Amino acid sequence: MKQSESENNEKYSNPAKIAILGLGGAGVKICAELVKTALKFDIAVLDFDEKSLMSFSGGKIITPKNSFHGYSSGTGGDIIVGERLSSLCRQKISEFLNGHEILIAIAGMGGGSGSAAAPIVAREAKKCGIQTIFLVTLPFSFEGHKRRILAEKSIENLIIDADIVIPIANDILFSSMPADSPFAEAFLKADIEITKATEELSKIFTSENYISSTLPNLKNIVNRKKTTCIIGYGESKVESSDFSVRAVEQLFDSPLLGGLSEVRKSDAALIVISAGEKIGIGPIKRTFERVKIQLKDDAEIVCVLSKSPDEKSFKVTLIGIKYDETNLFQKTTQKKHLLEKKKTTYTQDELPLFTPKKGIFTNSSDNFYKNQDLDIPVFQRKGINIDPGQ
(Lines give C-alpha, C1' and ligand atoms only; values in the text may rest on other atoms or scores of the structure.)
Protein backbone atom coordinates (compact mmCIF):
# COMPACT_ATOMS: atom_id res chain seq x y z
CA MET A 1 0.00 0.00 0.00
CA LYS A 2 1.34 3.42 -0.97
CA GLN A 3 2.22 5.72 1.92
CA SER A 4 0.62 9.13 2.15
CA GLU A 5 2.86 12.23 2.05
CA SER A 6 2.18 12.94 5.73
CA GLU A 7 3.22 9.38 6.65
CA ASN A 8 6.33 9.76 4.55
CA ASN A 9 7.26 13.04 6.26
CA GLU A 10 6.72 11.45 9.65
CA LYS A 11 8.96 8.54 8.65
CA TYR A 12 11.91 10.84 7.97
CA SER A 13 11.35 13.46 10.67
CA ASN A 14 12.13 11.07 13.55
CA PRO A 15 11.37 13.72 16.21
CA ALA A 16 12.11 11.38 19.13
CA LYS A 17 15.83 11.27 18.35
CA ILE A 18 16.90 14.82 17.45
CA ALA A 19 16.49 17.93 19.58
CA ILE A 20 17.22 21.44 18.35
CA LEU A 21 18.03 24.19 20.84
CA GLY A 22 18.49 27.88 20.10
CA LEU A 23 20.65 29.83 22.55
CA GLY A 24 20.52 33.60 22.95
CA GLY A 25 18.99 36.07 20.50
CA ALA A 26 20.65 34.57 17.41
CA GLY A 27 19.53 31.06 18.31
CA VAL A 28 15.96 32.22 18.95
CA LYS A 29 15.76 33.80 15.45
CA ILE A 30 16.96 30.62 13.72
CA CYS A 31 14.60 28.40 15.71
CA ALA A 32 11.69 30.71 14.92
CA GLU A 33 12.34 29.86 11.25
CA LEU A 34 12.92 26.16 11.90
CA VAL A 35 9.48 25.64 13.44
CA LYS A 36 8.02 26.65 10.05
CA THR A 37 9.82 23.85 8.16
CA ALA A 38 8.09 20.70 6.92
CA LEU A 39 10.23 18.39 9.01
CA LYS A 40 9.19 18.46 12.64
CA PHE A 41 11.71 18.33 15.46
CA ASP A 42 11.59 18.90 19.17
CA ILE A 43 12.64 22.55 19.23
CA ALA A 44 13.37 24.76 22.23
CA VAL A 45 15.01 28.11 22.90
CA LEU A 46 16.92 29.45 25.89
CA ASP A 47 17.25 33.19 26.32
CA PHE A 48 16.88 35.87 28.99
CA ASP A 49 15.38 38.65 26.86
CA GLU A 50 11.58 38.63 27.02
CA LYS A 51 11.30 40.74 23.86
CA SER A 52 13.41 38.25 21.92
CA LEU A 53 11.37 35.30 23.20
CA MET A 54 8.14 36.92 21.99
CA SER A 55 9.21 36.20 18.40
CA PHE A 56 9.27 32.45 19.06
CA SER A 57 6.27 30.12 19.17
CA GLY A 58 5.64 26.48 18.43
CA GLY A 59 8.30 25.05 20.73
CA LYS A 60 9.54 24.97 24.30
CA ILE A 61 10.91 28.09 26.01
CA ILE A 62 13.58 27.55 28.67
CA THR A 63 14.10 30.32 31.21
CA PRO A 64 15.23 30.39 34.86
CA LYS A 65 12.64 29.06 37.27
CA ASN A 66 10.00 31.57 38.37
CA SER A 67 11.74 34.72 37.06
CA PHE A 68 14.67 36.27 35.18
CA HIS A 69 16.11 37.45 38.50
CA GLY A 70 16.00 41.07 37.36
CA TYR A 71 17.43 40.41 33.87
CA SER A 72 14.27 40.20 31.74
CA SER A 73 15.90 42.44 29.12
CA GLY A 74 18.90 40.17 28.65
CA THR A 75 22.37 39.99 30.17
CA GLY A 76 23.70 43.22 28.69
CA GLY A 77 26.65 41.31 27.26
CA ASP A 78 27.80 40.22 30.73
CA ILE A 79 28.85 36.58 30.48
CA ILE A 80 29.00 36.21 34.28
CA VAL A 81 25.30 37.06 34.48
CA GLY A 82 24.66 34.71 31.56
CA GLU A 83 26.46 31.84 33.26
CA ARG A 84 24.52 32.37 36.48
CA LEU A 85 21.15 32.44 34.69
CA SER A 86 22.08 29.47 32.47
CA SER A 87 23.08 27.44 35.54
CA LEU A 88 19.60 28.03 36.94
CA CYS A 89 18.21 26.34 33.80
CA ARG A 90 20.18 23.10 34.11
CA GLN A 91 17.23 21.00 35.23
CA LYS A 92 14.97 22.30 32.45
CA ILE A 93 17.72 21.68 29.88
CA SER A 94 18.10 18.06 31.05
CA GLU A 95 14.34 17.55 30.95
CA PHE A 96 14.20 18.82 27.37
CA LEU A 97 17.10 16.60 26.27
CA ASN A 98 15.70 13.48 27.89
CA GLY A 99 14.76 10.84 25.33
CA HIS A 100 16.89 12.24 22.50
CA GLU A 101 20.05 10.89 20.92
CA ILE A 102 21.43 13.98 19.14
CA LEU A 103 21.29 17.67 19.95
CA ILE A 104 21.82 20.39 17.33
CA ALA A 105 22.35 23.72 19.07
CA ILE A 106 22.55 27.15 17.44
CA ALA A 107 24.08 30.19 19.14
CA GLY A 108 25.66 33.55 18.44
CA MET A 109 28.96 33.88 20.32
CA GLY A 110 30.42 37.05 21.79
CA GLY A 111 27.44 38.16 23.88
CA GLY A 112 26.33 37.27 27.37
CA SER A 113 23.63 34.67 26.66
CA GLY A 114 24.76 32.33 23.86
CA SER A 115 28.42 32.41 24.94
CA ALA A 116 27.51 31.50 28.51
CA ALA A 117 24.78 28.96 27.79
CA ALA A 118 26.53 26.88 25.10
CA PRO A 119 29.21 25.25 27.33
CA ILE A 120 26.64 24.58 30.05
CA VAL A 121 24.26 22.94 27.56
CA ALA A 122 27.14 20.82 26.22
CA ARG A 123 27.97 19.60 29.74
CA GLU A 124 24.33 18.71 30.47
CA ALA A 125 24.04 16.86 27.15
CA LYS A 126 27.22 14.92 27.90
CA LYS A 127 25.82 13.88 31.28
CA CYS A 128 22.69 12.62 29.50
CA GLY A 129 24.79 10.66 26.99
CA ILE A 130 23.59 12.77 24.05
CA GLN A 131 25.84 13.56 21.08
CA THR A 132 26.02 17.26 20.22
CA ILE A 133 26.53 19.47 17.19
CA PHE A 134 26.90 23.22 17.77
CA LEU A 135 26.43 25.74 14.94
CA VAL A 136 27.82 29.01 16.30
CA THR A 137 28.39 32.39 14.67
CA LEU A 138 31.35 34.65 15.42
CA PRO A 139 30.85 38.42 15.83
CA PHE A 140 31.60 40.95 13.09
CA SER A 141 35.07 42.48 13.29
CA PHE A 142 33.56 45.95 13.74
CA GLU A 143 31.91 44.75 16.96
CA GLY A 144 35.27 45.04 18.65
CA HIS A 145 38.16 42.96 19.90
CA LYS A 146 36.52 42.25 23.25
CA ARG A 147 33.53 40.43 21.74
CA ARG A 148 35.80 38.44 19.45
CA ILE A 149 38.01 37.30 22.35
CA LEU A 150 34.92 36.43 24.40
CA ALA A 151 33.57 34.37 21.50
CA GLU A 152 36.84 32.48 21.03
CA LYS A 153 37.20 31.73 24.75
CA SER A 154 33.60 30.50 24.86
CA ILE A 155 34.28 28.17 21.93
CA GLU A 156 37.39 26.83 23.71
CA ASN A 157 35.19 26.03 26.72
CA LEU A 158 32.53 24.54 24.45
CA ILE A 159 34.94 22.20 22.65
CA ILE A 160 35.72 20.41 25.93
CA ASP A 161 32.28 18.75 26.12
CA ALA A 162 30.73 19.20 22.65
CA ASP A 163 31.21 16.52 19.98
CA ILE A 164 31.20 18.91 17.00
CA VAL A 165 31.51 22.70 16.90
CA ILE A 166 30.96 24.51 13.58
CA PRO A 167 32.00 28.19 13.94
CA ILE A 168 30.79 30.53 11.18
CA ALA A 169 32.27 34.03 10.85
CA ASN A 170 29.69 36.76 10.27
CA ASP A 171 32.36 38.75 8.41
CA ILE A 172 32.01 36.33 5.50
CA LEU A 173 28.88 38.30 4.53
CA PHE A 174 31.09 41.20 3.40
CA SER A 175 32.99 39.07 0.91
CA SER A 176 29.90 37.58 -0.71
CA MET A 177 27.36 40.41 -0.96
CA PRO A 178 27.55 43.81 -2.71
CA ALA A 179 28.42 46.77 -0.47
CA ASP A 180 25.11 48.45 -1.27
CA SER A 181 23.02 45.44 -0.13
CA PRO A 182 20.39 46.46 2.45
CA PHE A 183 21.58 45.26 5.85
CA ALA A 184 18.15 43.79 6.70
CA GLU A 185 18.30 41.69 3.54
CA ALA A 186 21.85 40.53 4.32
CA PHE A 187 20.99 39.38 7.83
CA LEU A 188 17.78 37.71 6.66
CA LYS A 189 19.67 35.75 4.01
CA ALA A 190 22.26 34.67 6.56
CA ASP A 191 19.53 33.45 8.92
CA ILE A 192 17.85 31.53 6.10
CA GLU A 193 21.14 29.87 5.15
CA ILE A 194 21.77 28.68 8.70
CA THR A 195 18.15 27.50 8.98
CA LYS A 196 18.39 25.49 5.76
CA ALA A 197 21.81 24.10 6.68
CA THR A 198 20.50 22.99 10.09
CA GLU A 199 17.56 21.27 8.42
CA GLU A 200 19.79 19.44 5.92
CA LEU A 201 22.33 18.54 8.60
CA SER A 202 19.59 16.91 10.63
CA LYS A 203 18.57 14.77 7.66
CA ILE A 204 21.91 12.98 7.84
CA PHE A 205 20.62 11.30 10.99
CA THR A 206 16.87 11.13 10.30
CA SER A 207 16.47 10.29 6.61
CA GLU A 208 17.20 7.18 4.62
CA ASN A 209 20.70 7.75 3.22
CA TYR A 210 22.07 6.04 0.13
CA ILE A 211 25.52 7.51 0.74
CA SER A 212 25.64 7.79 4.50
CA SER A 213 27.72 9.35 7.22
CA THR A 214 27.77 9.11 10.97
CA LEU A 215 28.52 11.64 13.66
CA PRO A 216 32.02 10.15 14.21
CA ASN A 217 32.71 10.76 10.48
CA LEU A 218 31.83 14.42 10.91
CA LYS A 219 33.72 14.63 14.18
CA ASN A 220 36.82 13.31 12.44
CA ILE A 221 36.98 16.34 10.12
CA VAL A 222 35.80 18.99 12.58
CA ASN A 223 37.38 17.90 15.85
CA ARG A 224 40.47 20.12 15.56
CA LYS A 225 40.88 22.45 18.51
CA LYS A 226 40.28 25.54 16.40
CA THR A 227 38.54 25.74 13.03
CA THR A 228 36.61 28.28 10.99
CA CYS A 229 33.75 27.19 8.76
CA ILE A 230 31.76 28.42 5.80
CA ILE A 231 28.27 27.20 5.03
CA GLY A 232 26.13 27.29 1.90
CA TYR A 233 22.85 25.96 0.56
CA GLY A 234 21.40 25.63 -2.93
CA GLU A 235 18.00 24.41 -4.12
CA SER A 236 16.34 23.96 -7.50
CA LYS A 237 13.09 22.52 -8.82
CA VAL A 238 13.59 19.33 -10.81
CA GLU A 239 11.23 20.45 -13.59
CA SER A 240 14.11 22.27 -15.30
CA SER A 241 16.58 20.21 -17.33
CA ASP A 242 19.59 21.83 -15.65
CA PHE A 243 18.29 21.65 -12.08
CA SER A 244 21.57 20.30 -10.65
CA VAL A 245 23.54 23.16 -12.25
CA ARG A 246 21.15 25.74 -10.83
CA ALA A 247 21.35 24.22 -7.35
CA VAL A 248 25.16 24.38 -7.40
CA GLU A 249 25.11 27.97 -8.70
CA GLN A 250 22.79 28.99 -5.88
CA LEU A 251 25.03 27.13 -3.43
CA PHE A 252 28.12 29.09 -4.47
CA ASP A 253 26.16 32.36 -4.21
CA SER A 254 25.27 31.67 -0.57
CA PRO A 255 26.07 34.69 1.65
CA LEU A 256 27.80 32.64 4.35
CA LEU A 257 29.97 30.72 1.87
CA GLY A 258 32.07 33.76 0.92
CA GLY A 259 32.44 32.89 -2.75
CA LEU A 260 34.67 30.40 -4.54
CA SER A 261 37.85 31.96 -3.16
CA GLU A 262 36.82 30.94 0.36
CA VAL A 263 35.65 27.50 -0.77
CA ARG A 264 39.11 26.81 -2.22
CA LYS A 265 40.70 27.52 1.17
CA SER A 266 38.79 24.69 2.84
CA ASP A 267 40.89 21.85 4.25
CA ALA A 268 37.83 19.61 4.67
CA ALA A 269 34.22 19.64 3.56
CA LEU A 270 30.84 18.06 4.18
CA ILE A 271 28.66 17.82 1.04
CA VAL A 272 25.01 16.83 1.49
CA ILE A 273 22.61 16.22 -1.39
CA SER A 274 18.93 15.75 -0.63
CA ALA A 275 16.78 14.45 -3.49
CA GLY A 276 13.75 12.35 -4.30
CA GLU A 277 14.30 8.68 -5.06
CA LYS A 278 13.38 9.13 -8.74
CA ILE A 279 16.30 11.51 -9.42
CA GLY A 280 18.82 9.97 -11.82
CA ILE A 281 22.31 9.02 -10.70
CA GLY A 282 23.82 11.25 -13.41
CA PRO A 283 22.77 14.65 -11.95
CA ILE A 284 23.79 13.49 -8.47
CA LYS A 285 27.24 12.42 -9.66
CA ARG A 286 27.74 15.70 -11.57
CA THR A 287 26.66 17.74 -8.53
CA PHE A 288 29.20 16.07 -6.25
CA GLU A 289 31.87 16.60 -8.92
CA ARG A 290 31.01 20.29 -9.46
CA VAL A 291 31.41 20.96 -5.75
CA LYS A 292 34.46 18.73 -5.30
CA ILE A 293 36.39 20.38 -8.16
CA GLN A 294 36.32 23.70 -6.30
CA LEU A 295 38.04 22.19 -3.25
CA LYS A 296 41.72 21.48 -2.65
CA ASP A 297 43.06 18.26 -4.14
CA ASP A 298 43.99 16.99 -0.67
CA ALA A 299 40.83 18.18 1.09
CA GLU A 300 39.11 15.66 3.35
CA ILE A 301 35.57 15.19 2.03
CA VAL A 302 32.51 13.56 3.58
CA CYS A 303 29.63 13.03 1.11
CA VAL A 304 26.03 12.30 2.04
CA LEU A 305 23.14 11.45 -0.31
CA SER A 306 19.88 11.74 1.57
CA LYS A 307 16.46 10.58 0.38
CA SER A 308 13.91 13.40 0.49
CA PRO A 309 10.11 12.98 0.63
CA ASP A 310 9.88 16.06 -1.63
CA GLU A 311 10.23 14.70 -5.17
CA LYS A 312 10.09 18.17 -6.74
CA SER A 313 13.16 19.70 -5.07
CA PHE A 314 16.89 19.05 -5.39
CA LYS A 315 19.02 20.43 -2.54
CA VAL A 316 22.76 20.63 -1.94
CA THR A 317 24.50 21.83 1.24
CA LEU A 318 28.20 22.50 1.76
CA ILE A 319 30.09 23.05 4.99
CA GLY A 320 33.71 23.99 4.34
CA ILE A 321 36.21 23.68 7.19
CA LYS A 322 39.53 25.47 7.49
CA TYR A 323 42.00 24.33 10.13
CA ASP A 324 44.12 26.68 12.19
CA GLU A 325 47.51 25.20 11.27
CA THR A 326 49.37 27.26 13.89
CA ASN A 327 47.19 25.77 16.59
CA LEU A 328 47.71 22.26 15.19
CA PHE A 329 51.50 22.74 15.25
CA GLN A 330 51.43 23.90 18.85
CA LYS A 331 49.24 20.97 19.80
CA THR A 332 51.55 18.50 18.00
CA THR A 333 54.63 20.06 19.65
CA GLN A 334 53.06 19.81 23.09
CA LYS A 335 52.12 16.17 22.49
CA LYS A 336 55.66 15.36 21.31
CA HIS A 337 57.13 17.05 24.39
CA LEU A 338 54.88 14.99 26.67
CA LEU A 339 55.89 11.76 24.93
CA GLU A 340 59.59 12.61 25.29
CA LYS A 341 59.04 13.46 28.93
CA LYS A 342 57.47 10.05 29.50
CA LYS A 343 60.57 8.35 28.05
CA THR A 344 62.91 10.07 30.53
CA THR A 345 64.23 7.73 33.23
CA TYR A 346 64.75 8.97 36.73
CA THR A 347 67.10 7.64 39.41
CA GLN A 348 66.83 8.35 43.10
CA ASP A 349 69.93 8.94 45.20
CA GLU A 350 70.47 6.95 48.36
CA LEU A 351 68.71 8.62 51.26
CA PRO A 352 70.90 9.58 54.22
CA LEU A 353 70.07 7.56 57.33
CA PHE A 354 71.00 10.27 59.79
CA THR A 355 69.20 13.40 60.93
CA PRO A 356 71.11 16.66 60.33
CA LYS A 357 71.60 18.47 63.66
CA LYS A 358 72.51 22.07 64.40
CA GLY A 359 74.44 21.13 67.55
CA ILE A 360 75.13 24.14 69.80
CA PHE A 361 73.24 26.38 67.34
CA THR A 362 69.94 24.59 67.98
CA ASN A 363 68.40 27.51 69.91
CA SER A 364 69.83 30.25 67.68
CA SER A 365 67.93 32.08 64.94
CA ASP A 366 67.95 30.57 61.43
CA ASN A 367 70.95 31.40 59.28
CA PHE A 368 70.01 30.56 55.65
CA TYR A 369 71.95 31.19 52.45
CA LYS A 370 70.65 29.94 49.08
CA ASN A 371 68.12 27.74 50.88
CA GLN A 372 70.84 26.07 53.00
CA ASP A 373 71.01 26.19 56.78
CA LEU A 374 74.58 27.31 57.49
CA ASP A 375 74.32 26.18 61.12
CA ILE A 376 74.30 22.54 59.99
CA PRO A 377 77.80 21.19 59.30
CA VAL A 378 78.75 21.06 55.62
CA PHE A 379 79.36 17.31 55.52
CA GLN A 380 75.84 16.72 56.84
CA ARG A 381 74.23 19.26 54.46
CA LYS A 382 75.90 17.56 51.50
CA GLY A 383 75.37 14.02 52.76
CA ILE A 384 79.10 13.20 52.94
CA ASN A 385 79.84 10.04 54.90
CA ILE A 386 82.98 10.33 57.01
CA ASP A 387 84.78 7.12 57.81
CA PRO A 388 85.30 7.15 61.60
CA GLY A 389 88.11 4.57 61.30
CA GLN A 390 88.66 1.50 63.48
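Up top you'll find the structure we're talking about.
Source: prediction; values computed, not measured. (Residues numbered from 1 in each chain as written. Predicted model: local features only at pLDDT ≥ 70, side-chain atom pairs only at ≥ 80, totals over all residues. Heavy atoms only, no water.)

Draft legend 1. Quick peek at the overall build of the chain. Counting its regular elements, the chain contains 15 helices and 13 strands. Looking at the chain as a whole, 47% of its 390 residues qualify as buried. In the chain, the share of contacts with a sequence separation of at least 24, taken over all contacts with a separation of at least 6, comes to 76%. For the chain, the accessible area works out to roughly 21300 Å², and carbon and sulfur atoms hold 53% of it. (Helix = DSSP H or I, 4+ residues; strand = E, 2+ residues; numbered from the N terminus. Buried < 20%, exposed > 50% of the residue type's maximum accessible area, 1.4 Å probe, protein only. Contact = heavy atoms within 4.5 Å. Areas by Shrake-Rupley, 256 points an atom, 1.4 Å probe, with all protein chains shown as cover.)

Draft legend 2. The layout of surface pockets, seen in detail. Roughly 650 Å³ of volume is contained in the largest pocket. What lines the largest pocket is a set of 37 residues, among which G25, A26, G108, T137 and R147 lie closest to the centre. Looking at the lining of the largest pocket, the elements that each hand over two or more residues are α2 (24-34), β4 (102-108), β5 (131-138) and α9 (183-206). Considering every element that reaches the lining of the largest pocket, the biggest residue donor is α2, with six residues. In the lining of the largest pocket, the residues fall into 15 nonpolar, 16 polar and six charged. (1 Å grid on protein atoms, 1.4 Å probe; cavity = no way out; pocket = protein on both sides within 12 Å on 5 of 7 lines; lining within 4 Å. Points joined across faces, edges and corners; volume = space filled by probe spheres on them. Nonpolar A, V, L, I, M, F, W, Y, C, P; charged D, E, K, R; others polar.)

Draft legend 3. Spatial organisation of the pattern of salt bridges. All told, the structure shown has 12 salt bridges when counted by the stated rule. Taking the shortest distance from any N to any O, the salt bridge between E33 and K36 comes out at 3.5 Å. (Salt bridge = Lys/Arg side-chain N within 4 Å of Asp/Glu carboxyl O.)

Draft legend 4. Fine view of helix α10 (residues 215-222). By the burial criterion, the buried members of α10 are L215, L218, I221 and V222. Around the axis of α10, the buried residues are gathered within 130 degrees of arc, so they sit on the same side. (Arc of directions from axis to C-beta.)

Draft legend 5. Molecular detail of the nonpolar core. Within the largest apolar cluster, 68 residues are counted, with the highest numbers of intra-cluster contacts made by I20, I166, L270 and L318. For L270, the residues in contact, after removing those within four places along its chain, are L201, I204, L218, V302, V304, T317, L318 and I319. I93, A105, A118 and A162 belong to the second-largest nonpolar core, a separate cluster that totals 31 residues. (Core = buried A, V, L, I, M, F, W, Y, C linked by side-chain atoms within 4.5 Å.)

Draft legend 6. Representation of the packing of aromatic side chains within the structure. Tallying each qualifying case throughout the model produces three aromatic pairs. With a centroid separation of 5.0 Å and an interplanar angle of 5 degrees, the aromatic rings of F140 and F142 are classed as stacked. You can call F142 exposed: its relative accessible area is 57%. Seen in terms of ring centroids, F140 and F187 are 5.6 Å apart; in terms of plane orientation they differ by 90 degrees. Their pairing is edge-to-face. Placement of the pair is F140 in the loop between β5 and α7 (145-161) and F187 in helix α9, with a sequence separation of 47 residues. Given a relative accessible area of 7%, F140 falls into the buried group. By relative accessible area, F187 is classed as partly exposed at 36%. (Phe/Tyr/Trp six-rings, centres within 6.5 Å; stacked < 30°, edge-to-face > 60°.)

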